[in-house]
Amino acid sequence: MNHTSFEELRLTGQLPSPSGVGMQILRLTQEDDFSTEEIGQAISADSALTGRLLKLANSAESGSVEPITTIGEATIRLGIRTVGNVALGLSLVASSRVGGCARFDYDTYWSKSLARAVAGQGLSRHFGTGVPAELYILGLLAGVGSLALASVHPETYGSLLEEHGDANLETIEQAEQELFQISHSEVAACILRDWGLPEEFGVATRDFEHPYPKPADPDDPESEGGMDEVRDLTDLLKTAELVARIMIANEQTKHEEYVEMAEGFDYLQAISGCEPGEFQRVCSGIASEWREWGQVLGIPTGGRIDFANLHGRAEQALQRSNEKRGEEAVEGVEQPREKGIGVVTDGCMHVLAVDDDPSSLLLLKRHLQKAGHRVTTAMDGEEALRLALEECPDMVVADWDMPCLDGIGLCQALRKISSGQRIYFLLLTGAEAEEDILKAFESGVDDYVVKPFNPRILLARIHAGRRIITLQAALENGKRKQQKQMNDLQVLTRKLRTAALTDPLTGLSNRRYAMKRMSQAWESSSRTKKPMSVIMMDIDFFKKVNDLHGHDAGDEVLKSVAGVLSRCCRKEEDICRIGGEEFIMICAGANAVEAAAAAERLRTTIEAETIPWNGVDHRVTMSLGVACRKEGMGSSDDLLKAADQAVYVAKDGGRNQVVISQESHFNLNKSA
Amino acid sequence: MTSPDGTPNFDPAILDSTVIDGLRELGGEDDPGLLLELVEMFLDDAPDRLKEMEQSMAEGDLDTMRRAAHTLKSSAANMGSVLLSKICAEMEAAARSEDCSKYAEMAPDCMLAFSDFETALRQLS
């Protein structure tokens, strides 16, 4: 599968990224010779992160006598890689706790991700599989694909969510493919790879949302969701996902989902290897850890969860929906919660008032409130900085002279950050000396008022500031629209490019793509000296199908065959439709033996496939020719020719067979 | 001192009653307790500022001397003080020009002015 869709997302520079320390660690681990000390130092510089990391290390290592109290100890116990990954994951929470997509429910997203993280860790401990701390991070980050799409395309993804919010996974992924040529699970896998997390993480994130754990189908060992025991990372993540869903379920959760969850949970208990009561206790323990972590990370969590009574809750959900249908649903459309960026209505603004003197602060607050503004308060510069970044007020009114971080320092700090630059800053000062005033304006202050302030003058100046705020908001809107247009254009270009390379009937890549891919693979094979093979395929007696049953039937056959072929082909192989009934599979890196095996696989699968049409089951077969790159071949054209010849021989030899091109065939101009 | 109708008369040298009226008006009907709340807050905090001034004087910590005087000056002015905030302003200036002896000289006046101001404020409740 090509990854250019992800490349485009990455190029926007708007993918979620871990903050500060997380970025540092990412950079460090991308060099091969990073030292444990460097990582330890980077983490220790952030006291909040250190605390959280130690908490995690201690909860992951249950049963150990000595608590872990330093990063160094955590590194010894868990290994530097795990410690680095944990730091990375935790710092993402800090940087992406909120975002700009109005319809994306950041609270629920993080609540569920945290639930998944804690569940993954707890289940890993219980089943004795995987590394608990790693499951924590995998669980926390597994859903990052949706977060990423919401960050890069807030409007488009927002609309997608609004339209398909309640739909099932398949519908959402389909819509994502249509809009972005990539699904959120694929995005997640790419991001995790970018961050240097283990390959297995990406594999797990692709699968974990698909059906709830259920017994494996004895007749089809590769059926989806089948699980006889919890064996690997993917299994663990799937079970964590189920437990997480149960934890965040609430009155809005539908009856059908409850039923599915209840069944899944019953099955989980059965394979948990312990008494049902004990497994429920494990899950309750997970739920209370979830609440604890919610407090530490500032993420909302839920109340007590009754794991024992899921079927009962399913019943309740059914009753609730019946009641609702009975009533006339007169619900207004819920307005999406806009993270106000300079949204000024009726002159009322959100003002952050800062003063270290309590009575002065109260006075200021009351004056502002009386004028109709919404007021948040802070008693020192540090607190004010934090609040300003979290709440994005329209305006800050701050005293100059404060201990630690004073008004000037606060303003300078805010102006360094992009979200802080748009805040209107009004300084209160007792000083009137020229140098002081100049200094104030130099640090980015918009206006100043001398203390003790005349309330009417203060409010008049605040009102004047509103004009600037409105202008800024308009500018920002314009910028965002532009950005959206650019993103949309990119998406459109991508779609057009893809369409030009896609066969509309079957959805497979077309001949143009195939030829490009062939040259590419050929060049790569020349460079790396790795083998390359090609399988050409032709549907037998296709003309007859058209003649006997009409072209619609023929189309149906083509679609079915295409479906089978793409299901059978692996990630490294490309399947293309290059002619009316001709297909090609490009196997980069495969030698003749491997390609022949693949061809035989395809042949038998097609032979076994039934294609229903007008109430009758039809069957088709294919003739396949396999050719492997050999000495003497000058270009990919030669390889194609060889495969083509082999197909010809297969047809001649009775059809429904695989023929491998030999040296002698390559030299033949025409077969006998 | 009170006038015939019982409302306290303030010595304008100590307390500017227009400021007090303004604060009363700010609270208005929605928050009638605002004035007293502010007074309480001020009387709660001010002694700490005075203590800071005293301690920093003893330690020769000019910066704290200046900041404590500055803060008290502002908060006292907010509450309508006249003499007290004036003295604090002068002490602030003294600290800024590193004149420790002047600062120390004015300290007793400051304590007195605060005492008078406090008495005046207490009459409000």
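Residues numbered from 1 in each chain as written. Chains lettered and ligands numbered in written order. Predicted model: local features only at pLDDT ≥ 70, side-chain atom pairs only at ≥ 80, totals over all residues. Heavy atoms only, no water.

## Overview of the overall build of chain A
Quick note on the threshold: The secondary structure listing takes helices from DSSP runs of H or I that are at least 4 residues long and strands from runs of E that are at least 2 residues long, numbered from the N terminus. Should any heavy atoms of two residues lie within 4.5 Å, those residues are considered in contact. Computed with a 1.4 Å probe, the accessible areas rest on the Shrake-Rupley method; for each residue, only the protein chains presented here act as cover.
Per the secondary structure count, chain A includes 29 helices and 12 strands. The contacts in chain A between residues at least 6 apart in sequence include a share of 67% that link residues at least 24 apart. Accessible surface for chain A amounts to roughly 32700 Å². Of this, 50% is attributable to carbon and sulfur atoms.

## Some words on the overall build of chain B
Cut-off, in case you're wondering: A simple rule labels every residue: compare its accessible area, found with a 1.4 Å probe on the protein chains alone, to the largest value its type can have, and call it buried under 20%, exposed over 50%, or partly exposed in between.
Helix and strand content of chain B: five helices and zero strands. Helices and strands in chain B line up, N terminus first, as α-α-α-α-α. Within chain B, the proportion of its 125 residues that are buried is 44%. Counting contacts in chain B only where the partners sit at least 6 residues apart, residues at least 24 apart contribute 64% of the total.

## A short note on the pattern of salt bridges
Residues and elements named next belong to chain A. This is how the line gets drawn: Whenever Lys or Arg places a side-chain nitrogen within 4 Å of a carboxyl oxygen from Asp or Glu, that contact is recorded as a salt bridge.
In the structure shown here, the tally under the stated rule is 39 salt bridges over all chains. Where glutamate 609 meets arginine 567, a salt bridge forms, and the shortest distance between an N and an O atom there is 3.9 Å. With glutamate 609 in the loop between helix H27 (592–608) and strand E9 (611–613) and arginine 567 in helix H26 (residues 551–568), this pair connects stretches of sequence that are 42 residues apart. A relative accessible area of 61% places arginine 567 in the exposed class.

## With respect to the packing of helix H13 (residues 199–207) of chain A against helix H14 (residues 233–248) of chain A
Residue and element names in this part refer to chain A. As a reminder, the rule being used: To define axes, lines are fitted to C-alpha atoms, for helices over the stretch in contact only, and angles between the resulting N-to-C directions are given on a 0 to 180 degree scale. Roughly parallel means an angle under 35 degrees; roughly antiparallel means over 145; roughly perpendicular covers 65 to 115; every other angle is labelled oblique. Here a crossing is taken to be left-handed if its near helix is turned anticlockwise relative to the far helix by less than a right angle, and right-handed if that turn runs clockwise. Residue type decides the class: Asp, Glu, Lys and Arg count as charged, Ala, Val, Leu, Ile, Met, Phe, Trp, Tyr, Cys and Pro as nonpolar, and the leftover types, Gly among them, as polar.
At a minimum axis distance of 9 Å, the contact between H13 and H14 shows a crossing angle of 45°. Here H14 runs oblique to H13, going by the angle between their axes. Regarding H13 and H14, the two cross each other, and that crossing is right-handed. Where H13 abuts H14, its residues Glu200, Phe201, Val203, Ala204, Thr205 and Asp207 lie against Leu233, Thr234, Leu237 and Lys238. Residues belonging to the contact of H13 with H14 are distributed by class as follows: five nonpolar, two polar and three charged.

## As for the confidence of the model for chain A
Residue and element names in this part refer to chain A. Just so we agree on the cut-off: Residue-level confidence of the predictor is summarised by pLDDT, bounded by 0 at the bottom and 100 at the top.
On average, residues of chain A score 83 in pLDDT, and 90% of them reach the 70 mark or higher. Note on residues 328–345: pLDDT under 50 across the span, and 18 contacts to partners over four residues away in sequence or across chains. Across residues 664–672, where pLDDT falls below 50, the model places 15 contacts with residues more than four positions away in sequence or in other chains.

## Quick word on unusual backbone geometry
Residues and elements named next belong to chain A. At the junction of lysine 451 and proline 452, the peptide bond is cis and its omega measures out at -10° in the coordinates. For proline 452, the location among the structural elements is in the loop between strand E5 (447–450) and helix H23 (455–500). Phi is positive for glutamine 181, close to 60°, though the residue is something other than glycine. Take glutamine 181: it is sitting in the loop between helix H11 (169–180) and helix H12 (184–194).

## Structural notes on the sheet that holds strand E6 (residues 532–539) of chain A
All names here are of chain A. The test is simple: Only when DSSP finds a minimum of two bridges between them are two strands counted as paired.
The mixed open sheet is built from five strands, whose spatial order is E7-E8-E6-E11-E12. Strands with a single pairing partner mark the edges of an open sheet, and in this sheet they are strand E7 (573–577) and strand E12 (658–660). Strand-to-strand twist in this sheet, taken as the mean axis angle between neighbours without regard to direction, amounts to 15°. By the bridge criterion, five bridges tie E7 to strand E8 (residues 582–588) in an arrangement that is antiparallel. Looking across to E8, one finds that arginine 577 is bridged to phenylalanine 583. Those strands touched by helix H28 (residues 636–652) are E6, E8, strand E11 (622–628) and E12, and its axis lies near 145° from that of E11.

## Considerations on the pairing of E11 of chain A
Sheet faces and side chains relate simply in a regular strand, where the side chains alternate between the two faces. Residue and element names in this part refer to chain A. When you tally the buried positions in E11, you get seven out of seven residues, the bulk of the element. A two-sided burial pattern is seen for E11, the buried positions comprising Met622, Leu624, Val626 and Cys628 on one face and Ser623, Gly625 and Ala627 on the other. Pairing between E6 and E11: seven bridges, direction antiparallel. Counterpart to methionine 537 in the pairing with E11 is leucine 624. For E11 and E12, the ladder comprises three bridges, and the chain directions are parallel.

## Thoughts on the interface of chain A and chain B
Selection rule: For the purposes of these results, a polar contact is taken to be a pair of N or O atoms within 3.5 Å, where, inside protein, one atom must be able to donate a hydrogen and its partner to accept one; residues adjacent in sequence count only when each atom of the pair is a side-chain atom.
On the chain B side, the residues contacting the 15 residues of chain A number 18 residues. Here chain A and chain B share three salt bridges between them. Across the pair aspartate 401 of chain A and arginine 67 of chain B runs a salt bridge whose closest N-O atoms are separated by 3.2 Å. Viewed at the interface, chain B and chain A are joined by six residue pairs in polar contact (both at pLDDT 80 or more). When grouped by side-chain class, the residues that make up the side of chain A that touches chain B number six nonpolar, four polar and five charged.

## Concerning the pairing of strand E2 (residues 374–378) of chain A
Residue and element names in this part refer to chain A. Put simply, the rule is: If you view a crossover with the strands going away from you and the path from the first strand over the helix to the second runs clockwise, you call it right-handed.
Bridge count for strand E1 (residues 350–354) against E2 is five bridges, and the pairing is parallel. Bridge pairing links alanine 353 to threonine 377 in E2. The handedness of the E1 to E2 crossover, carried by helix H18 (residues 358–370), is right-handed.

## A word on the sheet that holds E5 of chain A
All names here are of chain A. On the basis of which strands lie adjacent, the open sheet formed by five strands has the order E2-E1-E3-E4-E5 and parallel pairing. This sheet does not close on itself; its edge strands, each paired only once, are E2 and E5. When the angles between neighbouring strand axes are averaged without regard to direction, this sheet yields 20°. One ladder, built from four bridges, connects strand E4 (residues 424–429) with E5; its direction is parallel. Bridge assignment links threonine 429 to a residue of E5, and that residue is valine 450. The sheet contacts of H18 involve E1, E2, strand E3 (395–399) and E4, and relative to E2 the element is tilted by about 165°.

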